[in-house]
Structures are given as C-alpha cells and as structure tokens.
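Geometric and topological summary
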Amino acid sequence: MQALHYGAKLHREELHLAELGIATLTSCFVNSNRDPKSESAKPSDFFYFMPTVDEGMRINSDAANAFFVLAEAGKLPGWCIAIAPVDKLAKSRNSSPCTPAIWSGEGVVLIQPVADVSASGSDAGASGLVRFPLGFVNDVSGDIFTDGGVVKVPVLGEAWLLDGEFAVLS
C-alpha cells in the first residue's frame, strides 16, 4: 500500500512538473493580451495537475479499514487498488477492528454494502437498492452479477464512489 501511495504521489508530481512550462507560456500569452488595468495572470492559474487538498471529503473509517483488510488479504482485484484513493483512505483509517463485507463482480467492487430490498428501485425490474460507503467500477455498466446479487451499474467509466447506491435487480 505504501508503494502505491508513493507511486501515485510521484505520478502527480511528474504530471505537475510537465505542465509547468505550458502554464508559464499560457500566463505570458494571457498577460500580453490583457487589459493593463486588470490583474495579471500567474502560471498557477493554469495548473491542472497540481495536487489539491479536499478537506470536505471524508471517507467512512469502517470502509477504509475494510479496504485495507481486503487488500492485505489479496481479495481486491489489481484494478481496484490502482484506482483507489490510497492517501485519502489512509487518512480515514483507524485502529478499530472490522469485519469486511464485499460484493464483487466483473468490474465492480462494493465495500461494506447494505441491501435494502424494501426500497423501490427507479428502474423496471428493480427490487431494491444496495448502499455502500465505498465502491469501485472498472469501465462496466448495465446489469452486473456480483456475490450479493445483480446490480444495475450506470455508465461511470473507471471510478471510485463514496456513499453510492445501485439498484438491485430481481
């Protein structure tokens, strides 16, 4: 996990270093065409890959603990670990014991899922919802067979999700 965290940090730094030159040129171009009374542009105005701190987003500590327990046990697929926000998960992790629950299928991993079969799904044929504090999707959509049932996954691409819910099909 530490290696993944360090690798993600190095990748962000590499992308940020690659963008410094174009950001400087862009700010020079904008400044050459700006109104002299307006504030000048800085290269940092054009940073796209500069790491940002999102303090408002907090990952559920039970889900973070479950993620690390499952990862250490080798029960998570490699693509899931590759797209996981390991740095945010590590910050949310605590020392309380957890019993991880997981629904996994081809291209879908839901950590700590809770099925609510009494909820009426919005899709035809849906018999309820599955709610999860942390989920991963690897460029799949539609009806996906998981360990816990068939879930209807919208088109998300490759993504990780916080506090998500999917329809469970009957």
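For the structure itself, consult the block above.
Residues numbered from 1 in each chain as written. Predicted model: local features only at pLDDT ≥ 70, side-chain atom pairs only at ≥ 80, totals over all residues. Heavy atoms only, no water.

**Observations concerning the overall build of the chain**
- On a plain count of helices and strands, the chain comes out with four helices and seven strands.
- Reading the helices (α) and strands (β) of the chain from amino to carboxyl end gives α-α-α-α-β-β-β-β-β-β-β.
- Relative to its 170 residues, the chain shows a buried fraction of 34%.
- Here the chain displays about 10100 Å² of accessible surface, and carbon together with sulfur accounts for 55% of that area. (Helix = DSSP H or I, 4+ residues; strand = E, 2+ residues; numbered from the N terminus. Buried < 20%, exposed > 50% of the residue type's maximum accessible area, 1.4 Å probe, protein only. Areas by Shrake-Rupley, 256 points an atom, 1.4 Å probe, with all protein chains shown as cover.)

**Comments concerning the packing of aromatic side chains**
- Here the structure, examined in full by the defined rule, presents three aromatic pairs.
- Aromatic side chains F67 and F68 sit 5.4 Å apart centroid to centroid with 85° between the ring planes, which places their arrangement in the edge-to-face category. Per residue, the accessibility class of F67 equals that of F68, and both read buried.
- Aromatic pair F132 and F166: ring centres 5.1 Å apart, planes at 50°, arrangement tilted. With F132 in strand β4 (residues 126-138) and F166 in strand β7 (residues 158-169), the pair connects residues that are 34 residues apart, well separated along the chain.
- Judged by its relative accessible area of 2%, F132 is buried.
- Here the aromatic cluster, defined as three or more aromatic residues joined through ring pairs, consists of F67, F68 and F136. (Phe/Tyr/Trp six-rings, centres within 6.5 Å; stacked < 30°, edge-to-face > 60°.)

**Brief notes about helix α2 (residues 61-72)**
- Across its 12 residues, α2 extends 17 Å between first and last C-alpha, which sits within 8% of the 16 Å expected from 1.5 Å per residue.
- Taken as a whole, α2 has its buried residues at A63, A64, N65, A66, F67, F68, L70 and A71.
- Near the N-terminus of α2, the side chain that reaches the backbone nitrogen of D62, with its oxygen 2.7 Å away, is that of N60.
- Phi turns positive, to about 75°, at G74, one or two residues after α2. (Expected span 1.5 Å × (residues − 1). Polar contact = N/O pair within 3.5 Å; in protein donor to acceptor, adjacent residues only side chain to side chain.)

**Focus on the environment of S127**
- Considering the arrangement of structural elements, one finds S127 in strand β4.
- Taking the C-alpha atoms as reference points, S127 and L169, separated by 42 residues in sequence, lie 5.5 Å from one another.

**What to know about the side chain of E19**
- Mapped onto the fold, E19 is located in helix α1 (residues 2-32).
- Assessed through its relative accessible area of 7%, E19 is described here as buried.
- Non-local contacts of E19, meaning those with residues more than four positions away in its chain, are made with F46, F47, Y48, F49 and M50. (Contact = heavy atoms within 4.5 Å.)

**Here we look at the environment of V69**
- Relative to the assigned elements, V69 resides in helix α2.
- A residue is classified by how much of its surface remains accessible, and V69, at 35% relative accessible area, is partly exposed.
- Expressed as a C-alpha distance, the spacing of V69 and P97, which sit 28 residues apart in the sequence, is 9.6 Å.
- If we skip the residues at most four places from it in the chain, V69 touches C98 and P100.

**What to know about a nonpolar patch on the surface**
- Together, F29, V30 and F46 line one region of the surface with nonpolar side chains, adding up to about 270 Å² of accessible area.
- Within the secondary structure, F29 is located in helix α1. (Patch = residues over 30% accessible without salt bridge, like charges linked within 9 Å, V, L, I, M, F, W, Y side chains within 5 Å. Salt bridge = Lys/Arg side-chain N within 4 Å of Asp/Glu carboxyl O.)

**Let's talk about the nonpolar core**
- If you look at the biggest cluster of nonpolar residues, it comprises 19 residues, and the most contacted ones within it are F67, L76, L89, I111, L134 and F136.
- By residue number, the principal contributor to this core is α2, which donates seven residues.
- Here L76 is in contact with F67, L70, A71, I81, I102 and V109, once residues within four sequence places are set aside.
- One finds F132, I144, L161 and V168 within the second-largest nonpolar core, a separate group that totals 13 residues. (Core = buried A, V, L, I, M, F, W, Y, C linked by side-chain atoms within 4.5 Å.)

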